[in-house]
Amino acid sequence: MADPSTYRPAAGEIPTSPGVYRFLDPEGRVIYVGKAKNLRARLSNYFQDLAALHPRTQRMVTTACAVEWTVVATEVESLALEYSWIKEFHPRFNVMYKDDKSYPYLMVSLNEEFPRAQVVRGARKRGARYFGPYVQAWSIRDTLDQLLRVFPIRSCSAGVFQRAKAAGRPCLLGYIDKCSAPCVGRVSALDHRALAEDLCSFLAGRTGPYLREVESQMRAAAGALDFEKAARLRDDAAALRKVIERNAVVLPDATDADVFGLVRDELTAAVQVFHVRGGRIRGQRGWVIDTPDDATDSELVERLIQQVYADLLDPGDTGAPESSSAGAAAAPSGPVSGPTTSVGVGRAPACPAPRARREDEPTPRRAEAAATSVDDVAHASTTAVPREVLVPVLPDDAPAVRAWLAGLRGAAVDLRVPARGDKAALMETVRKNAEEALRLHKTRRAGDLTQRSAALDELAEALDMPEAPLRIECYDISHTQGTHQVGSMVVFEDGAPRKSDYRRFIIRGEDGGGATDDTAAMSEVLTRRFKRLLAEQGRGAAGLSATEAAEQVEDAEGVAVVSGPIDPETGRAKRFSYAPGLVVVDGGLPQVGAARAVLDELGIDTPIVGLAKRLEEIWIPGEEFPVILPRTSPALYLLQHLRDESHRFAITHHRAKRSAGMTRSALDGVPGLGPARQAALLKAFGSVKRLRAASVERIAEVKGIGPALAAAIHEHLGDGGETAG
């Protein structure tokens, strides 16, 4: 425990300007980030008598051993830099919201020549339009199926598209009129893009014109006695109505707003947000977090607003290259953290101007006529900052937050608490959703946390450990009859997988051709892992200094490891800098013995066990008999989960490596002939057969192939080619 007075800066050293500060622990990790209108006044609060501080703040200042700050020009810039640092360093004492699920979005990839509509999750791509989020995946898939009747744009993958293009025959969707089949040229790229933009306009809330156009065409077809076309258009109109009716009007004044609801108890808080566009609910998201003891509702709301809006992509990005005239509106480079010197921080980019129609685009459809109702105009995307942000309580620094949101939107944003009327009633609905989410989360987590805690406690008792192992690492080896040998390391923290710390190893062996058996492979993996641990912690193995240990270990690029747990370039913890509380290997007594020998040789005193598959026996080094846990034991379930996860991770890597090895070319064995030159040869000759029949002089004519390499290729493929001259 550090004494805050040992690293307290002199009052005269701290500026009175706005800025962002961060506390660091003895290993250099950032443990807390905060912002202040007056850095001197704010930081002095942390260095008062410990008895006057909140218990959580006490833990933070006694865990830290240094404080740094960065001066910025305005409070708005401090808000942006604070979130940038929180996102970069993940401080343990800051609040971070995590989605309770990965929500599906409907994406239209306008950055492709032939835009594609698909349901996606996870990271977003620049140049694509996103609509959602949606609570249920089946709902958006059914919506997309309905919309493809009216807007038949491509929905197939790139592989299916290329196969259909090569075969000259569309897929099933092209035959049932749910795709305009651009793969076979039924529609031009320009007309297909116009269809995709119409779909985006409909999804953005401009529904009325398209519905009226389809109904008008239906009546015209019926008047012309073309009843088959009229029936098809009738079904199209019904599909559009079905999509529209799913989003009931909740605000009668066509409001674009995000409505937040917050519910909390002593330990946990749940947040729900409804994305209302044009008075209709277009998306919904939720978060559940463990709240710090001293966090107020205002602080939680401010952190939530930062996290929701800080990472928004440009909703109007169509994938077109930016023009030089847009330089003034271009997004600046992100805020850069630094030491106690002033660092300029760019203002958040404003919302772009509406995209101008290109000269070569088709004229607007009849659906783009003058607006006559709420559903005739496009509304803000659910991934953009709306005109109103309705919250249950205002943030402490509401003016700065309001100005920051206005900078993101490019126009004024009304950040307020609704007091009465329809918006207050809608906020109560959102609050009830948050209340239900919190209840469900607590019900699920009660069993989950209880089970995990019981498993760790039982495991510690069974293995005679002084305390429960909070970090467990499990290792497994995978190969096919000694070929393509790989190893895996999976990590569980607090009884749950920590997938960001998973690692793969390619087994080299003494001669570079792989290990002789599984125990040798396990020894190599553990040696590499724990030598890396010693090097990154600045410690030496038995008989070695820290510098010598570091020089023995190289990273993937062949660069010697620099001692210290923090990467000096990123400020984050290195890949192997955390020591496990327990090591588990997949296997019996031989594997456990090999693993124990490696750790003893390196001078590491970490408990190690092996889990044998046949009878699920737990083997401990030096013990004649294994530990047998009951079949219903939570500790056994945890070890089985750990072992199965390491096996899955290893075999996935092994299969990928084996597949790559089975798809080798006849040219791979030619020294000096890499992928680029192989591609050039195949492009010039069309196949290896024709290349084999070519002369040395003919091969040397290919760009990048010299006479010596041409001769090597000719010799490798075998003599019998054409004669020169």
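Just so it is clear, the model here is predicted, and its values are computed rather than measured.

(A) Looking closely at a nonpolar patch on the surface. On the surface, a nonpolar cluster with roughly 340 Å² of combined accessible area is contributed by Leu172, Tyr175 and Ile176. Along the chain, Tyr175 falls in helix H6 (residues 172-175).

(B) Inspection of the confidence of the model for the chain at higher detail. For the chain, the average pLDDT comes to 75, and 74% of its residues sit at 70 or higher. Per-element confidence in the chain is highest for strand S10 (residues 388-390), whose mean pLDDT is 90, and lowest for helix H14 (residues 546-552), whose mean pLDDT is 49. Within the model, pLDDT remains below 50 along residues 553-565, and this stretch shows 36 contacts once partners closer than five positions in the same chain are excluded. Taken together, the stretch residues 720-725 has pLDDT below 50 and engages in nine contacts with residues farther than four places along the chain or on a different chain.

(C) A look at the packing of helix H13 (residues 518-536) against helix H15 (residues 589-602). The N-to-C vectors of H13 and H15 enclose an angle of 30°; their axes lie 9 Å apart at closest approach. By the angle between their directions, the pair H13 and H15 is classed as roughly parallel. The element H13 and its partner H15 pack so that their crossing is right-handed. Between H13, through Asp518, Thr519, Ser523, Leu526, Thr527, Phe530, Lys531 and Leu534, and H15, the contact on the second element is made entirely by Pro590, Gln591, Ala594, Ala595, Val598, Leu599 and Leu602. Per-class residue counts for the contact of H13 with H15 are nine nonpolar, four polar and two charged.

(D) The side chain of Lys35, seen in detail. Tracing the backbone through its elements, the reader meets Lys35 in strand S2 (residues 30-36). Residues within four places of Lys35 in sequence aside, it is in contact with Gly19, Val20, Tyr21, Arg42, Ser78, Leu79, Glu82, Glu302 and Asp397.

(E) Examining unusual backbone geometry more closely. Although it is not a glycine, Ala181 sits at a positive phi angle of roughly 55°. Tracing the chain through its elements places Ala181 in the loop between H6 and helix H7 (189-203). Although it is not a glycine, Leu225 adopts a positive phi angle of roughly 65°.

(F) Main features of the nonpolar core. Membership of the largest hydrophobic core comes to 28 residues, with the highest contact counts inside it found for Val108, Phe131, Leu147, Phe151, Ile153, Leu199 and Leu240. Put simply, the parts of the chain that give this core at least two residues each are strand S4 (105-108), strand S5 (117-120), helix H4 (137-150), H7, helix H8 (208-223) and helix H9 (227-245). Per-element tally for this core: the top contributor is H7, with six residues. Each residue touching Phe151, except ones within four places of it in the same chain, is listed here: Leu195, Asp198, Leu199, Phe202, Tyr210 and Leu240. Formed by 26 residues, the second largest nonpolar core is a distinct cluster that contains Val76, Val273, Val301 and Val391.

About the cut-offs
Residues numbered from 1 in each chain as written. Predicted model: local features only at pLDDT ≥ 70, side-chain atom pairs only at ≥ 80, totals over all residues. Heavy atoms only, no water. Patch = residues over 30% accessible without salt bridge, like charges linked within 9 Å, V, L, I, M, F, W, Y side chains within 5 Å. Areas by Shrake-Rupley, 256 points an atom, 1.4 Å probe, with all protein chains shown as cover. Salt bridge = Lys/Arg side-chain N within 4 Å of Asp/Glu carboxyl O. Helix = DSSP H or I, 4+ residues; strand = E, 2+ residues; numbered from the N terminus. pLDDT = per-residue confidence, 0-100. Contact = heavy atoms within 4.5 Å. Axes fitted to C-alpha atoms, helices over the stretch in contact; angles between N-to-C directions. Parallel < 35°, antiparallel > 145°, perpendicular 65-115°, else oblique. Left-handed = near helix turned anticlockwise from the far one by under 90°. Nonpolar A, V, L, I, M, F, W, Y, C, P; charged D, E, K, R; others polar. Core = buried A, V, L, I, M, F, W, Y, C linked by side-chain atoms within 4.5 Å. Buried < 20%, exposed > 50% of the residue type's maximum accessible area, 1.4 Å probe, protein only.

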